[in-house]
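# Observations on chain architecture
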Amino acid sequence: MLFKRQKKSNVLNGENPPLRHLGIIMDGNGRWATKRGLMREAGHRSGAEAFKRVVEHCIDRDIALVTVYAFSTENWKRPQSEVEGIIRLLVEYLEEGIAGGREKNSRVRFIGDRSRFSPEVQALMREAEEKSAHYPHSLNVALNYGGRADVVQAVNKLIAEGKREVSEEDISNALYTTGQPDPDLIIRTGGEMRLSNFLTWQSAYSELWFTPKLWPDITGEDIDEALAFYATRQRRFGDVAPKK
Ligand code: FPP
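A brief look at the structure comes next. (Residues numbered from 1 in each chain as written. Predicted model: local features only at pLDDT ≥ 70, side-chain atom pairs only at ≥ 80, totals over all residues. Heavy atoms only, no water.)

### Considerations on the packing of helix α2 (residues 40-60) against helix α7 (residues 220-232)
When two helices pack together, their arrangement is given by the angle between the helix axes and by the axis-to-axis distance. Inclusion rule: An axis is simply a line fitted to the C-alpha atoms; with a helix, the fit covers only the stretch in contact. Between two such axes, the angle follows the N-to-C directions and lies from 0 to 180 degrees. Each helix is a run of H or I in the DSSP string that is no shorter than four residues. Each strand is a run of E no shorter than two, and both are numbered from the N terminus. In this scheme, roughly parallel covers angles under 35 degrees and roughly antiparallel covers those over 145, while 65 to 115 is roughly perpendicular and the rest are oblique. Crossing handedness follows the turn of the near helix against the far one: under a right angle anticlockwise gives a left-handed crossing, and clockwise gives a right-handed one. Working rule for contacts: check all heavy atoms of both residues, and any pair within 4.5 Å makes them a contact.
Close contact between α2 and α7 brings their axes to 9 Å; oriented N to C, the two are set at 50 degrees. Relative to α7, the element α2 is oriented oblique. Read as a crossing pair, α2 and α7 show a hand that is right-handed. On α7, the residues touching V54, H57 and C58 of α2 are G220, I223 and D224.

Below, the structure written as C-alpha cells:
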C-alpha cells in the first residue's frame, strides 16, 4: 500500500511518475566545518540538524521513502574521534525518536551491517524501528552500508537458502531494501559527482542530481529544486516513450 503510486501527485512532479523513493548522499560536513575553523565533528553536528530538517521537508512533500547515506563501510577508516562523534549523533537521534521527541516522525529502518556497532547501539536501533513502525512515511538510514557488500550479502543469503541460480528479482528481494521501490532520484551534495557505493544495485535507473552546496547548508528549497529537476526528466527505462 505504502509504495503504490500515490494518486495525489506530490508537488513539482510534472509529467513523471510520482517520486516514491528519494536517495540522499549527505556530503560536505567536514569541509563546512573546516571553512569555519571548526573541528570536523562540528560539521557532522550541523549535518545532523540538516538531516532532520530535510527529512521533515520530505514528509511535507509526501515522499513515501527517503534513504540517507549516513555512514559507509569505508567511513571506519576515519580518525576514531570522528567515528565516535558520528555514532554519538546517531545515538542522540535514536533516543530523541524513541522518546517521541520529534514533531514529525518517519518509520525508520537501518540498512547495512549493524553487527559492527556495540550491542547498546544495536538495541537502540531495534527499539527505534519497533517504536516507529506505525508512521506512514519511511526513512532508511544507511549505516555501515556499502552497495556492493549489500549485493554480496544478498547472494550469500540466496546460496544459504539452497539457490543454484538467481534472477534479478531474487537479488532485489534479498537486499536490505527488500520490498521497497528503487530510488527514482538520488541527490548528492558537496560537489562530487559519483555514487560512492550507495544503493549500487537499486540505482540502475535513478535520476541523479548534484549540487556543490555542502550538506549542512542544505534547505528545503534545495530539495524542491531537485524535485523540480526530477519533474523535467523523461524516464524511459530503456523503452522509447516516457513511463507514466
Ligand atoms: C559526509 O561528509 C558525511 C558523513 C560521512 C557523515 C554523515 C553524518 C551525518 C549527517 C550526521 C549523523 C547522522 C545521523 C543519522 C544523525 P564528509 O565528512 O565526508 O565531508 P567532507 O567531504 O567535506 O570531508
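Next, the rest of the story.
### Re the pattern of salt bridges
Any two side chains of opposite charge can pair, so long as their charged atoms come close to each other. Using the following cut-off: Every case where a carboxyl oxygen of Asp or Glu lies within 4 Å of a side-chain nitrogen of Lys or Arg is listed as a salt bridge. Burial here depends on accessible area, computed with a 1.4 Å probe over protein chains only, as a share of the maximum for the residue type. Under 20% is buried, over 50% is exposed, and the range in between is partly exposed.
The tally for this structure, following the rule as stated, stands at 16 salt bridges. Among the ionic pairs, E207 bridges to R233, the shortest N-O distance being 3.0 Å. One end of the pair, E207, is in strand β6 (residues 207-210); the other, R233, is in the segment after α7, with 26 residues separating them in the sequence. Residue R233 is classed as partly exposed on the basis of its relative accessible area of 36%. Between D222 and K213 there is a salt bridge whose closest N-O contact spans 2.9 Å. With a relative accessible area of 7%, D222 lands in the buried category. The partly exposed category is assigned to K213, whose relative accessible area is 32%.

### Overview of empty space enclosed by the protein
Defined as follows: Definitions used for this entry: grid spacing 1 Å over protein atoms alone; cavity, a set of points where a 1.4 Å probe fits but cannot get out; pocket, an open set with protein on both sides within 12 Å along at least 5 of 7 lines; lining residue, one with an atom within 4 Å of a point. Grid points are joined across faces, edges and corners, and a volume is the space filled by probe spheres set on the points. Under the scheme applied, nonpolar residues are Ala, Val, Leu, Ile, Met, Phe, Trp, Tyr, Cys and Pro; charged residues are Asp, Glu, Lys and Arg; polar residues are all the others, including Gly.
For the coordinates displayed, the defined rule picks out two cavities of 30 Å³ or more. If you add up the space inside the largest cavity, you get close to 70 Å³. Surrounding the largest cavity, F51, K52, V55, E56, I59, Y93, R102, K104, N105 and S106 form its lining. Looking at the lining of the largest cavity, its residues break down into four nonpolar, two polar and four charged. In this model, the second largest cavity occupies a volume close to 40 Å³. Contributing to the lining of the second largest cavity are V55, C58, I59, I63, A64, V66, S106, H137, S138 and L139. At the level of elements, α2 and β4 (138-145) are the ones that each hand at least two residues to the lining of the second largest cavity. Per-element accounting of the lining of the second largest cavity gives the leading share, three residues, to α2.

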